[in-house]
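Topology and contacts: notes
For reference, the chains in residue letters:
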Amino acid sequence: MHEPALLAIAGMAAVTYATRASGLWVGNRLKVTPRLEGVLDALPGAILVSLVAPAVARAGIPGLVAAGVTALFAVRLRGNIVVPMIVGVAVLLSVRLVI
Amino acid sequence: MAERRRRGRQGRPSDQPRLPFTTQGLRRGARLALPVGVSTVAFGLVFGVLARRVGLSAGEVCLMSALVFTGSGQAVAIGMWATPIPVVPIVATTLLIGLRHVLMGLTLQPWYARLPAPRAYACYFLLTDESWALTTVEFDRDRADGGVLVGAGAVLFALWVSSSTVGRVIGAAIRDPSAWGLEFALVAVFIALLASLARGRSTVLPWALAASVAVAAEWWLPGAWYVLLGALAGSIPGLVRHA
C-alpha cells in the first residue's frame, strides 16, 4: 500500500460517513413546520423513484418492459421482493433475446 | 408513516418511547438483505476486477470497501484513479455522489432520534441505498425496529467487502454481470419496495415528477446530481398538500 492511495481512501471514508451522519444531525436540529412535514413525507418515495427511473431508462425498451412486469408482480405480491426480482431479470433477458 | 413521524416530532426525542432494537429486528434485516445481496456480490466482483486494472492492491480494495462501503462512489473513484492519484477530485466526487445519503438519513431520523445518540450514529455507518430502502418499507409497515437497518447493513457490508476483494484477487476470470441481467436485479427490488410505498393517486404526480427530473438530470447533467434533483422535485408537491 502506498500513501496517496491510503490518503484517498481515508478521505473517501470521511466524506461518505459525513453524508450518512449528517441526515441524523440535521434532522435532530430541524424545526419542522407542517409544510416541511409534507415534503419529508414525500421524500422516501421520491428518492427511490429517482434511483430507479434513470436505471430503467438506460436499459432501453427491455428495461421498460421488465420494469412494467416487475411492478405488476410487485403490486400483486405486496411485500415480496424475491419473486419480482427474479421476474424482472428473467423478463429483461427474454426481451433482449427477442429484439 | 406520516402520522407516526408527526407523533415522533412532538416534544424532544428523549421524551419519546425508545425505538425497539431487537435480535429479531437484526435477523429480519439480514434476511431481507439476502436477495439484494445477489446484486451486491455481482457488483463487488466487477468492482474488484476494475480496481485491479487501475493498480489497486487486494489490501487497498479490502480497506476501501470496508471503510467507504459505497458501491457507486467507489466505482466512480476507480474510474478516476491514475498516477499520481488525484486525491482531491476523487474525494470531492465521492462527496457529491454521497449527498443522497443526507436525504435518506433525514427520512429515518424521527426513529433513530429515539435511540441514544452514539448508538444511532453507529447504526448510520451501515446506511446504504439498499439498507435504507428495506428499512424505510419496514418502518412504513409500522414494524419499527432499529435492528433492521443494522442487520441488513451488516450482511451487505460482509458481502461487499468479500466480493470486491475476491474480484481483485481472481481478476479477469469474471464475466460481466450485465450478460446475466444482474444489474437489473437491484432495480427490480427497488420497484418491489416502491409498490409497498405507493398510496394510490396521491403518489402519481410526485413520482412522475421525480422520475422525469431524475431521468433528464442523468441524461444532461454531468456528475451524480440526478438522485438529489429527482428526490427534491418529487417532494415539492408535499409543500402544497400540507399548506
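Right above here is the structure, for reference.
The structure displayed is predicted, hence computed values, not measured ones.

Okay, the packing of aromatic side chains next. Summed over the entire model, instances satisfying the criterion amount to nine aromatic pairs over all chains. On the basis of an interplanar angle of 35° and a centroid distance of 5.5 Å, the ring pair of F47 of chain B and W160 of chain B is categorised as tilted. With F47 of chain B in helix α2 (residues 23-53) and W160 of chain B in helix α9 (residues 147-170), this residue pair connects regions lying 113 residues apart in the sequence. With respect to class, F47 of chain B is no different from W160 of chain B; both count as buried. Taken together through their ring pairs, the aromatic side chains of Y17 of chain A together with F69, F125 and F157 of chain B make up a single cluster. In this structure, R20 of chain A is placed above the aromatic ring of F125 of chain B, and the distance from its NZ or CZ to the ring centre is 5.9 Å. The ring of F21 of chain B has R119 of chain B lying over it, and the distance from NZ or CZ to the ring centre is 4.5 Å.

Let us look at the interface of chain B and chain A. Tallying the contact residues gives 89 residues for chain B and 69 residues for chain A. Both faces considered, chain B and chain A share a buried interface measuring about 6,700 Å² in area, 76% of it formed by carbon and sulfur atoms. Applying the counting criterion to the chain B and chain A interface returns two salt bridges. With a shortest N-O distance of 2.9 Å, R96 of chain A and E183 of chain B are connected by a salt bridge. The interface formed by chain B and chain A includes 13 residue pairs in polar contact (both at pLDDT 80 or more). Per-element accounting of the side of chain B that touches chain A gives the leading share, 14 residues, to helix α10 (residues 183-197) of chain B. When the residues that make up the side of chain B that touches chain A are grouped by side-chain class, the tally is 57 nonpolar, 21 polar and eleven charged.

Conventions we followed
- Residues numbered from 1 in each chain as written.
- Chains lettered and ligands numbered in written order.
- Predicted model: local features only at pLDDT ≥ 70, side-chain atom pairs only at ≥ 80, totals over all residues.
- Heavy atoms only, no water.
- Phe/Tyr/Trp six-rings, centres within 6.5 Å; stacked < 30°, edge-to-face > 60°.
- Helix = DSSP H or I, 4+ residues; strand = E, 2+ residues; numbered from the N terminus.
- Buried < 20%, exposed > 50% of the residue type's maximum accessible area, 1.4 Å probe, protein only.
- Lys NZ or Arg CZ within 6 Å of the ring centre and 35° of its normal.
- Contact = heavy atoms within 4.5 Å.
- Buried area = accessible area lost by both parts, 1.4 Å probe.
- Salt bridge = Lys/Arg side-chain N within 4 Å of Asp/Glu carboxyl O.
- Polar contact = N/O pair within 3.5 Å; in protein donor to acceptor, adjacent residues only side chain to side chain.
- Nonpolar A, V, L, I, M, F, W, Y, C, P; charged D, E, K, R; others polar.

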